[in-house]
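Topology and contacts: notes
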Amino acid sequence: MSTIPGAPSIPIDLRSDTVTRPTAAMRRVMAEAVVGDDVLGDDPTVTRLQERVAEIMGKEAACFVPSGTMANQASIRAQTEPGDEVIAHEGSHIINYETGAPAALSGVMVRTAAGPRGLFDADQVDGLARPDSDHSPRTRLVVIENTQNRGGGAVWPLDQVRRVSQRARGLGLRVHLDGARLWNACAATGHSPAEFARHADTVSCCFSKGLGAPAGSAVSGDKATIARVFRFRKMFGGAMRQSGILAAAALHALDHHIDRLHEDHENAARLGAGVANIPGLAVPLPVETNMVFIDVDRSIGTAAEFCASLRERGVWMLPTAPQRARAVCHLDVSRAMIDIALAAIESAARAPMLSGAR
Ligand SMILES: *Cc1c(COP(=O)(O)O)cnc(C)c1O
């Protein structure tokens, strides 16, 4: 695994907060979960999770889905018709990392907003929403991503969410909140999920990122919209049978893994501060939550080469652009591991030629 003497025996995996493995306690509740056939509506654990999430989000109903991608795409499909248009930030997950699904599954166009760290503001919505016309696509939905992944795990301030939502709703548009990491936005701001979610018609949340469950997301909203989300979940192949085993993990995560998210944020801040002091590396975006983006100077190599060199030192990260890598802190990364990772990063930045990739 590791070829460099002194590298940790277990890799420090900073590729994503999706790499967490279920804890022993989580596996126990999964093993003991009461289950049924959820497609027939009788898995009590899934039902309990859906009721719990709806309550947390302050919504009438929720639908458990296999992934964040399906949460977003079923939400888009439920609130648009083919030929409609969706407004989203150009750096958003639905545009960059969901295989073109808005076009393929909903037949919608996406009109992009620009802005620092994945954020935009109400006046941009005015400019991007199309006037009623026989010739134009019909603008239907605005998507806000909080926290914003490519923006560095940036937090949309509650007030900005409110402004964008009010403007959108004033124009007759609906709002979807991609809340894959809404838990992190809440940990960073002290606001509750419902405080953000009240400005959205549908809100997704993910159990398998910072919360550490093996799989699963949910969409919350009003009853009529969630009924459509259920229909499209089935159409997209995401209706599952004894999924109470997964729902049990999600419920356990809601009970035990939310209050600790600030630790991931502290670790990310520590990592970011350390990296910023290493010659040839820079931290281009403020570290607001659990993510650290690292710009690699060309004198060291490409981000892919840097990551390969780091991997030999037992630290795993993902390149996200030719000169940019990403590190994400999570449940399975301790503060002590951050210090070990920093030593490895410094070593890789100093000795790039050791990398087998070069
Ligand atoms: C990860 C992520 C998703 C999609 O989640 P998957 O479960 O990987 O499909 C959606 N939105 C954002 C912002 C994400 O980071």
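Read on for a plain summary of the structure. (Residues numbered from 1 in each chain as written. Predicted model: local features only at pLDDT ≥ 70, side-chain atom pairs only at ≥ 80, totals over all residues. Heavy atoms only, no water.)

With respect to the packing of aromatic side chains
Filter applied, for reference: Aromatic rings from Phe, Tyr and Trp, taking only the six-membered ring of Trp, are treated as a pair when their centres fall within 6.5 Å; an angle between ring planes under 30 degrees marks them as stacked, one over 60 as edge-to-face, and anything in between as tilted. Only runs of H or I of at least four residues qualify as helices and only runs of E of at least two qualify as strands under DSSP, and these elements are numbered from the N terminus. Relative accessibility decides the category of a residue: with a 1.4 Å probe and only protein chains considered, values under 20% of the type maximum give buried, values over 50% give exposed, and everything between is partly exposed.
Under the counting rule described, the total for this entry stands at three aromatic pairs. Ring centres of Phe64 and Phe207 lie 6.2 Å apart, and the angle between their planes is 45 degrees; this geometry places the pair in the tilted category. Of this pair, Phe64 sits in strand 2 (residues 61–65) while Phe207 sits in the loop between strand 7 (202–206) and strand 8 (217–221), and the two are 143 residues apart along the sequence. For Phe64, a relative accessible area of 0% puts it in the buried group. Taking the centre distance of 5.0 Å and the plane angle of 90 degrees together, the rings of Phe120 and Trp156 count as edge-to-face. Taken together, the residues span a long stretch of sequence, with Phe120 in the loop between strand 4 (109–113) and helix 6 (122–128) and Trp156 in the loop between strand 5 (138–145) and helix 7 (158–170) at a distance of 36 residues. By relative accessible area, Phe120 is classed as buried at 2%.

Overview of the pairing of strand 13 (residues 324–328)
This is how the line gets drawn: Whether two strands pair comes down to DSSP finding at least two bridges between them.
Extensive coverage of strand 13 is indicated by the burial of four of its five residues. Strand direction decides the pairing type here: strand 10 (residues 291–296) and strand 13, joined by five bridges, are antiparallel. Bridge assignment links Met291 to a residue of strand 13, and that residue is Val328. Both strand 12 (residues 318–321) and strand 13 contribute to a ladder of three bridges, which runs antiparallel. Its bridge partner being in strand 13, Ala321 is matched across the sheet by Arg324. Count of turn residues in the strand 12/strand 13 antiparallel hairpin: two residues.

A look at the environment of Leu14
This is how the line gets drawn: We call two residues contacting when some pair of their heavy atoms lies within 4.5 Å.
Mapping Leu14 onto the fold places it in the loop between strand 1 (12–13) and helix 1 (24–32). A C-alpha to C-alpha distance of 4.9 Å links Leu14 and Val328, two positions 314 residues apart in sequence. Ignoring any residue separated from it by four or fewer positions in sequence, one finds Leu14 in contact with Leu271, Val315, Trp316, Met317, Arg326, Ala327, Val328, Val333 and Ala341.

Side note on the nonpolar core
Which entries qualify depends on this criterion: What we call a nonpolar core is a set of buried Ala, Val, Leu, Ile, Met, Phe, Trp, Tyr and Cys residues that are connected through their side-chain atoms within 4.5 Å.
Leu49, Val53 and Phe207 are the most contacted members of the largest nonpolar core, which totals 48 residues. The greatest single-element share of this core, amounting to six residues, is contributed by helix 11 (residues 244–256). Residues Ala268, Cys329, Ala344 and Ile345 belong to the second largest nonpolar core, which totals 28 residues.

A closer look at the layout of surface pockets
Put simply, the rule reads: Buriedness of a pocket was judged along seven lines, with at least five required to meet protein on both sides within 12 Å; pockets are open sets of points on a 1 Å grid over the protein atoms alone, cavities are sets where a 1.4 Å probe fits but cannot get out, and lining residues have an atom within 4 Å of a point. Grid points are joined across faces, edges and corners, and a volume is the space filled by probe spheres set on the points. When residues are grouped by polarity, Ala, Val, Leu, Ile, Met, Phe, Trp, Tyr, Cys and Pro land in nonpolar, Asp, Glu, Lys and Arg in charged, and all others, Gly among them, in polar. All the domain ranges listed were derived from an automatic or database domain assignment.
Considering only enclosed or pocket space, the largest pocket measures out at about 430 Å³ in volume. Forming the boundary of the largest pocket are 28 residues, of which Thr18, His93, Asn149, Arg181 and Lys209 lie nearest the centre. Residue assignment for the lining of the largest pocket shows that the elements contributing at least two residues are helix 3 (68–78) and strand 12. Considered class by class, the residues forming the lining of the largest pocket number eight nonpolar, 13 polar and seven charged. When residues are assigned to domains, the lining of the largest pocket turns out to be shared by domain 1 (12–20 + 260–355) and domain 2 (33–256), each giving three or more.

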